[in-house]
Every structure is written in structure tokens, then in C-alpha cells.
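# Structural overview for review
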Amino acid sequence: EVIPLDEHLGSELARVGTDGVDVVLDFLWGDTANTAIPALARSAPNPQHRIDWVNLGALDGVNVPLDSTLLRMADLHVWGSGAGAYSPERRRDLADAALDLAARGIIQVDIEQHALADITSTWNDRGRLVYMV
């Protein structure tokens, strides 16, 4: 489901939050996270429903004022993932584990495969695109 980043973001996230959002991979932070975190924390199916909010970037700003009541009313875990968050050894181990799971078919990523020659006509297509030579 695609949820537009518009004036309805908070209410739309509150709607999907009632089903229990487990993990958010946040590349935006800023005003978007300032709207989204409270909406998901307050709409979780129960106070013990764990939400892992993983910050991966700050395309919408670097600061988010976080209401401390959200941390006490929900099982909300906010953490970062980037070059400084893990040691090189830990990143290698995590990448190796993910690749192993993928190789064994335990996790799968739906991709759309294209010839490299088609890149100009398919670049704006939705989905996870992989270009092969």
C-alpha cells in the first residue's frame, strides 16, 4: 500500500497502525517522522506491540521532537542504522547472514529484471528493478 506524504499522512498511518506495524525503515526523518511516529505509536493494536523505527537518513530534516509519553505508552524502539551504528565486523556478519537466508530461499525479494539496454525506458517503473548485462 502506498501512503502519500500529504496532509492525510497521520490519519492514514493511524489506520494501518491498528493492524500492527512492526518495522519502519525511515529514510526521511524530519517532519514526516514527527507525524508518523505518534500516529503509529498511538494506533498500535496493544501497548505491548513492538515497533522498531530504524532511521536510515534525513531527507526531510535532521530533528524530530519526540514526546516522551510515546516511549512510555508503546513498545517503541527508535534506533539508527548507518556507518557508525555497527562495527565493520558486525555489518559483514549481518550482510553474510542476509545473503545466506536469500541463497537458501528463506527470504525473497520480488524483482523485475530488465536488460541493461532497456534502462532508459524502464528507469521510472515502480518496483525493485535489476538490470542485467
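So, a few notes on the structure that sits alongside this text. Given the structure is predicted, the values throughout are model-derived calculations rather than measurements.

Turning next to the environment of V62. Along the chain, V62 falls in the loop between β2 (50-55) and α3 (68-73). For V62, a relative accessible area of 64% gives the class exposed. Residues V62 and Q48, 14 residues apart in the sequence, show an inter-C-alpha distance of 28 Å.

Relative to the 20 Å expected for 14 residues at 1.5 Å per residue, helix α2 (residues 30-43) spans 20 Å between its end C-alpha atoms, a close match to the ideal helical length. In terms of burial, α2 is a largely internal element, ten of the 14 residues being buried. Packed against the buried residues of α2 are α1 (9-17), β1 (23-26), β2, α3 and β3 (75-80).

Here we take up the packing of aromatic side chains. All chains considered together, the criterion is met by one aromatic pair. Aromatic pair W123 and Y131: ring centres 6.2 Å apart, planes at 25°, arrangement stacked. Residue class for W123 comes out exposed when judged on its relative accessible area of 56%.

Attention now goes to the side chain of H114. As for its position among the elements, H114 is in strand β4 (residues 112-115). A residue is classified by how much of its surface remains accessible, and H114, at 13% relative accessible area, is buried. A polar contact of 2.7 Å, which involves the side chain of H114, links it to the side chain of E112. Ignoring any residue separated from it by four or fewer positions in sequence, one finds H114 in contact with T122, D125, L129, V130, Y131 and M132.

Where α1 contacts α2, the two axes come as close as 8 Å, and the packing angle between them is 30°. Like other packed secondary-structure pairs, α1 and α2 cross with a definite hand, here right-handed. Packed against α1, whose contacting residues are L9, G10, L13, A14 and G17, the element α2 presents T32, T35, A36, A39, L40 and S43 at the interface. Taken together, the residues that form the contact of α1 with α2 break down as six nonpolar, five polar and no charged.

What counts and how
- Residues numbered from 1 in each chain as written.
- Predicted model: local features only at pLDDT ≥ 70, side-chain atom pairs only at ≥ 80, totals over all residues.
- Heavy atoms only, no water.
- Helix = DSSP H or I, 4+ residues; strand = E, 2+ residues; numbered from the N terminus.
- Buried < 20%, exposed > 50% of the residue type's maximum accessible area, 1.4 Å probe, protein only.
- Expected span 1.5 Å × (residues − 1).
- Contact = heavy atoms within 4.5 Å.
- Phe/Tyr/Trp six-rings, centres within 6.5 Å; stacked < 30°, edge-to-face > 60°.
- Polar contact = N/O pair within 3.5 Å; in protein donor to acceptor, adjacent residues only side chain to side chain.
- Axes fitted to C-alpha atoms, helices over the stretch in contact; angles between N-to-C directions.
- Left-handed = near helix turned anticlockwise from the far one by under 90°.
- Nonpolar A, V, L, I, M, F, W, Y, C, P; charged D, E, K, R; others polar.

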